[in-house]
Amino acid sequence: MAVTDDEIPSIDHPLLEPDFLERRLYQLQLAGTAADDHTLVCLPTGLGKTTVSLLVTARRLDEVGGTSLMLAPTKPLVSQHAEFYREALKIPDEEIVVFTGDVSPDDREALWNEATIVMATPQVIENDLVGSRISLADVTHLTFDECHRATGDYAYNYIAERYHEDARSPLVTGMSASPGGDEEAILEVCENLGLHEVTVMTREDADVEEFTHDTDVEWERIELPDEVLEIRDALNEVITDRLEKLKELGVARSTQPDQSQKDLNRMRAELQKLINNDQSEGYKGMSAHAEVMKLRQAVTLVETQSVEALRRYFERQRNQARSSGASKASQRLVSDPRVREAMRRAEKFDQLHPKYRKTRMLLAETLGLDGGERVIVFTESRDTAEALTEFLGESFDARRFVGQGDREGSDGMTQTEQQSALEAFRAGEFEVLVSTSVAEEGLDVPDVDLVLFYEPVPTAIRSIQRKGRTGRQSEGRVVVLMAEDTRDEAYFWISRRREKEMESELRQLKGLAAELAEELDDSQQSLADFESADGPSDDSGSQEREEPSAETGGDKSDSSSGSGGVGEQPGLADFAAETDGKSGGDPSTSTGESASDPVPSGDCDAVEIVADQREMDANIARDLSKRDDVSVRLETLSVGDYVCSDRVVVERKSTADFVDSLVGGDRSIFEQVGAMARHYARPVVVVEGGRLYEQRDIHPNAIRGALSSLAVDFGASVLHTESERDTTELLAVIAGREQEVADREVSVHGEKQDKTLGEQQEYVVSSIAEIGPVTARALLSTFGTVEAVMTATEDELLDVDGVGPVTAERIREVVESEYTG
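Residues numbered from 1 in each chain as written. Predicted model: local features only at pLDDT ≥ 70, side-chain atom pairs only at ≥ 80, totals over all residues. Heavy atoms only, no water.

Draft legend 1. Main features of the confidence of the model for the chain. In this model, the chain carries an average pLDDT of 79, and 77% of its residues clear a pLDDT of 70 or more. In this model, residues 1–6 is a region of pLDDT below 50 whose contacts with residues beyond four sequence positions or in other chains number 12 contacts. Predicted confidence for residues 579–603 stays below pLDDT 50, and this span has 35 contacts to residues more than four positions away or in other chains. (pLDDT = per-residue confidence, 0-100. Contact = heavy atoms within 4.5 Å.)

Here is the structure:
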C-alpha cells in the first residue's frame, strides 16, 4: 500500500478507487504504524483521521480478509463514515452496512453475516454482543472513532474486551483529535481498548503544516440588560435562601449563590451520609439541594443563553410539578413567590437578547460584507438552538442541527433529517447551521468561514473539536460570545487553560510515544500474571477456593448425583458440584476445551438467560455474556428483569430502588411481583446491596413487613446479593439448576391479561391528571367510586393522603375544563 514516489498525487491500492485519495505522507505514516499493531492515532481535527482508518481497513481486508467494524459515537457520524467508505473503496455498496438503533435486531443479525464493512454506534454492537446476535471472531480490523470516550462504563470498553477475547486475528485502531487532558487519561483509554502503540501528528509537523491554516480566535464581551439581571437576581435570592437552610444543617459553608460545582458535590455527599445514618435532616437537606441545582440551571440559562430558553425551562418545571410522583422540591420551587415573579418577568421580556443581536451582526458581517458562504453556530442548549434558528431565519437561510433524543418541548431530529441537513449544508443550499454538541465530534461538514460559540465550552476536548470545523482549507475565524460577569467568563478561562494544557500534552505525547508504548506493554503484560496456567482466574473476585474432591465430597455427592436433586435434600457439596467449571471452578475440570478457546455464542452446553434490554444500565447482562457457560438473549420483557426457565423469573432491585418502590412511583414492587406470579410459578426478587434499613426515613419493621408479604402473600422468593457481580453469579446458578439439574427450558411468558374491574378503575383515575396508581388507590379508597373522585371538591381532595395542592388543582382543572379538541 505504501507509495514512495513523491510525484504520484493519489494513493494506489487494489481496494481503493483510483485517484480518489490525495497522497499525504503523514497519513501513510500513521496508517503504516496502525497496520502493524493496536494503535492510538492522534491527529488534529480536519486532517483525515478517517482516511488513516480506511487505509488500514483496505490493507487488512486485502491481506487477511474477514470483516471490518468501525464504531462512532453518533448516528450522523456513522452515516458519514459509511458514505465516505462507499465512495473510496471498490467494495459493493450493499456490503458496507450501517448499524444503528433504527435497524431492527433481526435485520442486523442477517446483515452482519453478509457484510464486509459494518459502521455502527457502540450501543447497538454492545446489545448485539450481549444478546448473542453477532460474533466478532472474523473481525480483522476494529476502529474506535473519538476513542477518548473509552472511559468508565462506556460501551467501547466492553466491545474492546470482547474483541480481544473472541477475534481470531484482531487489530484495533483508536482515533481522536483530543485523546485526554493528561498522560493518565490517555493511558486509561489505551488500556481500556487494548492499544499498544501511540502515534501522534501535530499541526507543527512539517508534513502536516502544509495542510493547515491559521484560525483566529476572538472573544466578544456581551453586557446583559437590567431586565435580564433582575430575573437572575430574583433567582439567586432563592438560591441564597436554600443555601442558608443547608448551612443550618452544617453542610454549606457559604450562602453565596455562585457556589462551585465541587462544593455542591461535597454538600450532596455530606447529606447522603446523614441519610445513611437515618437522620431526617438528610432528606430535608437533599430536597433543598435539589432546588438549588434546578435554580442554578435557570440562572445559567438566563445569564448565558436567552430569556426564551429560560421560559421553556420554567414551563417544563411547571409540568413536572403537576405530574405523578412529583418531588417536593419541584412543587416547592414553582410555588415560591420569588420564582413565580421571575417567571412573570421572563414572560414579559420582549426585547432582543444581546447575544442574539451580536450573533446576527457577526453573521451579516461574515456572509455579507466579507462575502463568506457558510457559518456554524454552536450552542449548549437545544432550546437556544431552536429559538436561535427561528430568529436567524428572518435574515439568513438557517437550519438547526440537533440530536435525536426526544424531550418535552423539542422534537429532536431523526437520522434521516440529520443526514439531509448535512448534505444540504455541504451542497451550499443554506448558509447557517445552528448546532448543539451533536456536530462536535468528527462530522465532516465543509470548510466554514466562521465558527461562532454562543457560549464558551468548559471542556478542552469539545472546544478543540468545534474549532476544528474551520481553518481546514483556508484561513478561518472563531468567535466566542461571553456575557460579562457570568459563568460564561469562568468557563472561557477554564477552557483556555485546559486547551493549552492539552496542546502541550499532545506535544509531550508525541515525544513520549515510545515510552508510553513500553508502559502500556508492561501494564498489559502484568494482567497476564494474574491468570493461571490452566485458564482465567475466578471471575467472582473471591479468594481462591478448593475444588470438591472425593475426600471432601464424600458419599453425599454420590448419593444425589443420580436424581438431579429432585425429591432429596441436597447438601452443600451437591450445590458446589452443580457449578463446577462455571463460577470459580477450574474450567479444565468441566470441559475438554482449553480455557483460551472461546465457546461460540449459543453453544448447546451453555444455559440461557433472557434479560430485559432495559437492564443494560447495569453490567450484569454484559458480564453474563462474557461467560462460556451462559448464553444471553435480550428482549423487552413484560414482567421481571431476567428469565431463567419456564417457571423462574427474577426482578432485580437495588436496596434504594426496593425501598422507593414501597413508598411511591408509578408501579410498586407488589404490582410487579403480582404480575410475575400470574405468569411464572417461581417469582424471585433479588435485593442488591447493603443498608436496606437505612435507605429512607422508614421504620425497619415496615420493610420487614413488605418482605414478608412478598414471600407469604405473593409466593415470591426474596434473595439478597451484595453487588452486581454477586447477582450475576446467582443468576448463572439459578439458570444452571433450572436448565441442567431440573431439565427445564427457557420460556418467556407475560402476555397481557384482561384487567380486573379494580385495575380498570385505578387506570381511569390515575390517567385523569397524570397521577400514579398509589394515589389513585388512595382516592378510590376514600371516595369509593370513580364518579365520586370526579365530583370531589378541591378541599375534599386535599384530605386524601398523598394529594397536595398541585395535584388537587390539576384534577379539578381536567374534570371541569371544556374539551378543546
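Draft legend 2. Molecular detail of the pattern of salt bridges. The tally for this structure, following the rule as stated, stands at 48 salt bridges. With a closest N to O distance of 2.3 Å, R622 and E126 form a salt bridge. With R622 in helix α22 (residues 620–625) and E126 in helix α5 (residues 122–130), this pair connects stretches of sequence that are 496 residues apart. Given the relative accessible area of 9%, R622 is considered buried. Between R312 and E386 there is a salt bridge whose closest N-O contact spans 2.9 Å. Separated by 74 residues along the polypeptide, R312 in helix α12 (residues 307–322) and E386 in helix α16 (residues 382–392) bring together distant segments of the chain. Through salt bridges with shared partners, one network takes in E308, R311, R312, R316, D383, E386 and R400. (Salt bridge = Lys/Arg side-chain N within 4 Å of Asp/Glu carboxyl O. Helix = DSSP H or I, 4+ residues; strand = E, 2+ residues; numbered from the N terminus. Buried < 20%, exposed > 50% of the residue type's maximum accessible area, 1.4 Å probe, protein only.)

Draft legend 3. Just the packing of aromatic side chains, in detail. Taken as a whole and assessed by the stated rule, the structure comprises 9 aromatic pairs. Plain terms: the ring middles of F99 and W112 are 6.1 Å apart, the flat faces sit at 45° to each other, and that makes the pair tilted. Of the two residues, F99 sits in strand β3 (residues 96–99) while W112 sits in helix α4 (residues 105–114), which places them 13 residues apart along the sequence. The same class applies to F99 and to W112, which are both buried. Joined through ring pairs, the aromatic side chains of F20, F84 and Y85 make up one cluster. Above the plane of the ring of Y454 lies K355, whose end atom (NZ or CZ) is 5.0 Å from the centre. (Phe/Tyr/Trp six-rings, centres within 6.5 Å; stacked < 30°, edge-to-face > 60°. Lys NZ or Arg CZ within 6 Å of the ring centre and 35° of its normal.)

Draft legend 4. The arrangement of the nonpolar core in detail. One finds L69, L71, W112, I125, F144, I159 and L193 to be the most contacted residues of the largest nonpolar core, which totals 57 residues. Broken down by element, this core gets its largest block of residues, 6 residues, from helix α6 (residues 155–166). Apart from residues lying up to four places away in sequence, I125 is in contact with L69, L71, F99, W112, A120, I134 and I159. F378, A385, A387 and M413 belong to the second-largest nonpolar core, a separate cluster that totals 40 residues. (Core = buried A, V, L, I, M, F, W, Y, C linked by side-chain atoms within 4.5 Å.)

Draft legend 5. Up close: helix α7 (residues 183–193). Among all positions of α7, only I186, L187, V189, C190 and L193 are buried. An end-on view of α7 places all buried positions within 160° of arc, on one side of the element. Count one or two residues on from α7 and you reach G194, which has phi positive near 75°. (Arc of directions from axis to C-beta.)

Draft legend 6. Up close: the sheet that holds strand β14 (residues 607–612). Reading across the sheet, the 6 strands line up as β15-β14-β16-β17-β18-β19 and stay open at both edges, with mixed pairing between neighbours. Both edges of this open sheet fall to β15 (630–635) and β19 (717–721), since each of them pairs with a single strand only. Here β14 runs beside β15; their pairing, made up of 6 bridges, is parallel. Within the sheet, the bridge partner assigned to V607 lies in β15 and is V630. The sheet strands contacting helix α24 (residues 669–679) are β17 (648–654) and β18 (682–688), and the helix crosses β17 at an angle near 165°. Against the sheet, helix α26 (residues 724–741) engages β14, β15, β16 (642–643), β17, β18 and β19, with an angle of about 130° to β14. (Pairing = 2+ DSSP bridges. Axes fitted to C-alpha atoms, helices over the stretch in contact; angles between N-to-C directions.)

Draft legend 7. Here's a closer look at the sheet that holds strand β2 (residues 67–71). Pairing is parallel in the open sheet, where 7 strands are placed in the order β3-β4-β2-β5-β6-β1-β7. A single partner strand is all that each edge strand has here, and the edge strands are β3 and β7 (197–200). Strand-to-strand twist of the sheet, defined as the mean angle between neighbouring strand axes without regard to direction, takes the value 15°. Of the strand pairs in this sheet, β2 and strand β5 (residues 139–145) are connected by 5 bridges, and their pairing is parallel. Counterpart to L71 in the pairing with β5 is F144. Those strands touched by helix α1 (residues 25–34) are β1 (39–42), β6 (172–176) and β7, and its axis lies near 165° from that of β1. The strands that helix α3 (residues 75–88) touches are β2, β3, β4 (117–120) and β5; relative to β3, the one it contacts most, it runs at about 180°.

Draft legend 8. The state of the cysteines, seen in detail. On inspection of all chains with the given rule, the structure shows 0 disulfides. Cysteine C42 remains unbridged, with the sulfur of C147 as its closest cysteine sulfur at 6.8 Å. (Disulfide = S-S within 2.5 Å.)

Draft legend 9. Structural detail: the pairing of β17. In terms of burial, β17 is a largely internal element, 6 of the 7 residues being buried. Summarising the sheet, β16 and β17 pair through 2 bridges and their orientation is antiparallel. Its bridge partner being in β17, V643 is matched across the sheet by V649. Taking the residues between adjacent antiparallel strands as the criterion, β16 and β17 are bridged by 4 residues. Bridge count for β17 against β18 is 7 bridges, and the pairing is parallel.

Draft legend 10. Examining the environment of R266 more closely. The topology assignment puts R266 in helix α10 (residues 261–276). Its relative accessible area of 17% is what places R266 among the buried residues. On a C-alpha basis, the gap between R266 and A252 in space is 8.9 Å, while along the polypeptide they are 14 residues apart.

Draft legend 11. Examining a negative patch on the surface more closely. Taken together, the side chains of E794, D795, E796, D799 and E809 define an acidic patch exposed on the protein surface. Residue contributions to the negative patch peak at 3 residues, all from helix α30 (residues 794–798). Along the chain, the position of D799 falls in the loop between α30 and α31 (805–816). For D799, a relative accessible area of 69% gives the class exposed. (Patch = residues over 30% accessible without salt bridge, like charges linked within 9 Å, V, L, I, M, F, W, Y side chains within 5 Å. Areas by Shrake-Rupley, 256 points an atom, 1.4 Å probe, with all protein chains shown as cover. Lys, Arg positive; Asp, Glu negative; His and termini not counted. Charge placed at Lys NZ, Arg CZ, Asp CG, Glu CD.)

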